[in-house]
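Geometric and topological summary
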Amino acid sequence: MTTPHISASPGDFAPAVLFPGDPRRARKIAQQLMPDARLISDVRSMEAYTGTYRGIPLSVMGSGMGMPSATIYATELFEVFDVQRIIRVGTCGGIHPDVNIGDTVIAMGAHTTSAMNSQRIPHVHFSAVASWQLLHAAAHAASNRADNTTVHIGTVLSEDHFYFKPEGLLERLQNYGTLAVEMEAAALYGVAAEYQRDALAVLTVSDTVLQDGPNMTPEQRESRFQDALRLALTAALHNSDLPEAELP
Ligand code: HPA
């Protein structure tokens, strides 16, 4: 085993890693995008794959749920496997009234209730921000997109709790224009800053937390996820001489 949590060998990961929460989603993404995908790690069933997408090396690995889990994997990917870019592809709960189920949220910055980033530099309220290059690539792809998914770019809240919501917290965040709530981006951005690498979170809105919204059918859910994946893939592979990513 190369690290306590990843059994791949150095050189097994591509410079760009797509990072969904669910390891089964990682497998599905690998099968969809990379005809030559090979399993390179499955410690604790957290599957990781590497292959090529239109000739360009790409990896995909599950992050698990929450900031401690995502931080463990991201740290090992940057530190040991020389990964340069991690792009989270996941879901979020809409907070802002304009954010609807099925929309895509690109997290330019992430507020957090977690103490993980506040431990980094004493007395500093760390700014957890996306990589400008990845954000720019995703935003550019979003402005050129052919599908009709609405894309929002702004701040999210990264929480430790999924179920416990302190009274009034989300309403206050809504007043500050916060788009959505999720559980990984702030810590991922913290690790990327530590290693001076690039990270971005591209999120599909799976529910709305301050208002009732329609439930998506499984087909709608999948097609909206594909829209977010396309943006994430474009960000992951930007500067690789590929035109905008097309999903197979
Ligand atoms: N909280 C955290 N993450 C989420 C939520 C939520 O309410 N909905 C979808 N992802």
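**Topic: the packing of aromatic side chains**
Note on aromatic pairs: each is described by the distance of the centres and the angle between the planes. Per the stated rule, a full pass over the model turns up three aromatic pairs. Of note, Arg 25 hangs over the ring of Phe 225, and the distance from its end group to the ring centre comes to 3.9 Å. Between the NZ or CZ atom of Lys 165 and the centre of the ring of Phe 162, over which it lies, the distance is 5.6 Å.

**A word on the packing of helix α3 (residues 132-143) against helix α6 (residues 218-236)**
For the pair α3 and α6, interaxial distance at closest approach is 8 Å and the crossing angle is 135°. Overall, the two elements α3 and α6 adopt an arrangement that is oblique. Between α3 and α6 lies a crossing of right-handed hand. Listed contacts from α6 to Leu 134, Ala 137, Ala 138, Ala 141 and Ala 142 of α3 are Leu 231, Thr 234 and Ala 235. Residues belonging to the contact of α3 with α6 are distributed by class as follows: seven nonpolar, one polar and no charged.

**Some points on the layout of surface pockets**
Roughly 770 Å³ of volume is contained in the largest pocket. Taken together, 30 residues make up the lining of the largest pocket; nearest its centre are Arg 88, Gly 90, Thr 91, Cys 92 and Ser 206. Looking at the lining of the largest pocket, the elements that each hand over two or more residues are α1 (23-33), β5 (85-94), β8 (180-182), β9 (198-208) and α6. It is β5 that contributes the most residues to the lining of the largest pocket, six residues altogether. Of the residues that constitute the lining of the largest pocket, the class distribution is 12 nonpolar, seven polar and 11 charged. The volume enclosed by the second largest pocket comes to roughly 240 Å³. Along the wall of the second largest pocket there are 13 residues; nearest its centre are Thr 112, Asn 117, His 125, Phe 126 and Ser 127. Here the residues of the lining of the second largest pocket sort into five nonpolar, eight polar and no charged.

**Concerning α1**
Of all the residues in α1, the buried ones are Ala 26, Ile 29, Ala 30 and Leu 33. Mapping the buried residues of α1 onto a view down its axis gives an arc of 100°, with all of them on the same face. Among the exposed residues of α1, those pointing more than 90 degrees away from its buried face are Arg 24 and Gln 31. On its buried side, α1 packs onto β1 (16-20), β3 (48-53), β4 (56-61), β5 and α6. The N-cap residue of α1 is Asp 22: its side-chain oxygen and the backbone nitrogen of Arg 24 are 2.8 Å apart.

**As for the environment of Thr 234**
Along the chain, Thr 234 turns up in helix α6. In this structure, the C-alpha to C-alpha distance between Thr 234 and Cys 92, residues 142 residues apart in sequence, is 20 Å. Within polar-contact distance, the side chain of Thr 234 engages the backbone oxygen of Arg 230 at 2.9 Å.

**Quick word on the environment of Ala 235**
Within the element layout of this structure, Ala 235 appears in helix α6. Remark: the alpha-carbon pair of Ala 235 and Ala 138, spanning 97 residues in sequence, is separated by 5.1 Å. When residues no more than four places from it in sequence are discounted, the contact partners of Ala 235 are Arg 85, Leu 134, Ala 137, Ala 138 and Leu 200.

**Details of unusual backbone geometry**
Backbone geometry at Asp 82 places phi at a positive 60°, although glycine is not the residue there. Residue position: Asp 82 is located in the loop between α2 (67-79) and β5. Positive phi, normally seen in glycine, also occurs at Gln 196, with a value near 50°. Counting through the fold element by element, Gln 196 comes out in the loop between α5 (185-195) and β9.

**Quick notes on the site of the ligand**
Taken together, the residues surrounding the ligand are Thr 91, Cys 92, Gly 93, Phe 162, Lys 165, Val 181, Glu 182, Met 183, Ser 206, Asp 207 and Val 209. Protein contacts shield 93% of the accessible area of the ligand, which totals 260 Å² for the unbound molecule. The pocket occupied by the ligand, as judged from atoms lying within 2 Å of grid points, is the largest pocket. Residue assignment for the shell around the ligand shows that the elements contributing at least two residues are β5, β8 and β9.

**Section: the pattern of salt bridges**
In this structure the tally under the stated criterion is eight salt bridges. Put simply, Arg 38 and Asp 12 hold a salt bridge, and the shortest N to O gap is 3.4 Å. Residue Arg 38 is found in strand β2 (residues 38-41), and its partner Asp 12 is found in the segment before β1; the two are separated by 26 residues along the sequence. The partner of Arg 88 in a salt bridge is Glu 182, with the nearest N and O atoms 2.9 Å apart. Residue Arg 88 is located in strand β5, and its partner Glu 182 is located in strand β8; the two are separated by 94 residues in the primary sequence. We note that Arg 88, like Glu 182, is buried. Look at the salt bridges and you will find they share partners, linking Arg 88, Glu 182 and Glu 184 into a network.

Criteria and cut-off values
Residues numbered from 1 in each chain as written. Predicted model: local features only at pLDDT ≥ 70, side-chain atom pairs only at ≥ 80, totals over all residues. Heavy atoms only, no water. Phe/Tyr/Trp six-rings, centres within 6.5 Å; stacked < 30°, edge-to-face > 60°. Lys NZ or Arg CZ within 6 Å of the ring centre and 35° of its normal. Axes fitted to C-alpha atoms, helices over the stretch in contact; angles between N-to-C directions. Helix = DSSP H or I, 4+ residues; strand = E, 2+ residues; numbered from the N terminus. Parallel < 35°, antiparallel > 145°, perpendicular 65-115°, else oblique. Left-handed = near helix turned anticlockwise from the far one by under 90°. Contact = heavy atoms within 4.5 Å. Nonpolar A, V, L, I, M, F, W, Y, C, P; charged D, E, K, R; others polar. 1 Å grid on protein atoms, 1.4 Å probe; cavity = no way out; pocket = protein on both sides within 12 Å on 5 of 7 lines; lining within 4 Å. Points joined across faces, edges and corners; volume = space filled by probe spheres on them. Buried < 20%, exposed > 50% of the residue type's maximum accessible area, 1.4 Å probe, protein only. Arc of directions from axis to C-beta. Polar contact = N/O pair within 3.5 Å; in protein donor to acceptor, adjacent residues only side chain to side chain. Near = heavy atom within 4 Å. Areas by Shrake-Rupley, 256 points an atom, 1.4 Å probe, with all protein chains shown as cover. Sits in = over half its atoms within 2 Å of the grid points. Salt bridge = Lys/Arg side-chain N within 4 Å of Asp/Glu carboxyl O.

Keep in mind these values describe shape, not function.
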